[in-house]
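Structural overview for review
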Amino acid sequence: MMTTPDDTRTRILAAARELFAERGYAGTSLADIAAAVGLTKTAVAYHFHPKDRLASELLAPAGDDMLALLGTDFPSREAFVDALVTFAVRYRSVIRLFMEDLAAEDPGAPESERATVRTFRDEIFGRLVGDDPDPATTLKSWALLGALQWGAVRTMDLPEEQVREVLLEACRAF
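Here's a quick rundown of the structure. Everything quoted here is computed from the prediction, not taken from an experiment. (Residues numbered from 1 in each chain as written. Predicted model: local features only at pLDDT ≥ 70, side-chain atom pairs only at ≥ 80, totals over all residues. Heavy atoms only, no water.)

**Comments concerning the overall build of the protein**
If you tally the helices and strands in the protein, you get nine helices and zero strands. When the helices and strands of the protein are read in sequence order from the N terminus, they spell out α-α-α-α-α-α-α-α-α. Counting over 174 residues, the protein shows a buried share of 41%. At a minimum sequence separation of 6, the contacts of the protein that also span at least 24 residues come to 62%. Entry remark: accessible area of the protein is about 9500 Å², with carbon and sulfur atoms responsible for 55%. (Helix = DSSP H or I, 4+ residues; strand = E, 2+ residues; numbered from the N terminus. Buried < 20%, exposed > 50% of the residue type's maximum accessible area, 1.4 Å probe, protein only. Contact = heavy atoms within 4.5 Å. Areas by Shrake-Rupley, 256 points an atom, 1.4 Å probe, with all protein chains shown as cover.)

And the structure:
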């Protein structure tokens, strides 16, 4: 059976998603990805050069779903928090790339992705605090975002449903 370019791209993206989640964006090279899929670095670079094209392609579905989430009129803050937790757990394989690596003040990270992360964060925060937040609501909302970020990033070894259940419980407390 002959491998098509689409199959190769899919295999490269799957390997990149796994390695980025495990090692981070900065800790993963094109050579690492090539080794994981049994290709040469040149073959991977043919499909995705520079490396930030991989990040952009992995982030695209999460970005689309985040736009849908932010475009939804939820009946309550709790319903929004539930949807936000579900989103974070669903995309936890790229959440490290999304929140940790690209949001960091790393001069090597693409600025467009960092700006996108900041925009999404600010939109989420605005939805959490509402129009006229008091200091307690502001603090609780930042705490919720921190718990959600680290809870998703640092639990790749746990079953998805367990992570979702525990994060829902924790985030509803904020």
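Next, the rest of the story.
**Here we look at the nonpolar core**
Ranked by size, the top nonpolar core spans 48 residues in total, and within it Ile33, Leu54 and Leu84 carry the most contacts. When contributions to this core are tallied by element, the ones reaching two or more residues are α1 (5-23), α2 (30-37), α4 (52-70), α5 (77-90), α6 (92-101), α7 (111-129), α8 (135-153) and α9 (160-172). (Core = buried A, V, L, I, M, F, W, Y, C linked by side-chain atoms within 4.5 Å.)

**Concerning α4**
Helix length check: α4 (19 residues) gives 25 Å between terminal C-alpha atoms against 27 Å at 1.5 Å per residue, within 8%. Among the residues making up α4, those that are buried are Leu54, Ala55, Leu58, Leu59, Ala62, Gly63, Met66, Leu69 and Leu70. (Expected span 1.5 Å × (residues − 1).)

Such coordinate-based values are descriptive only and should not be taken to indicate function.
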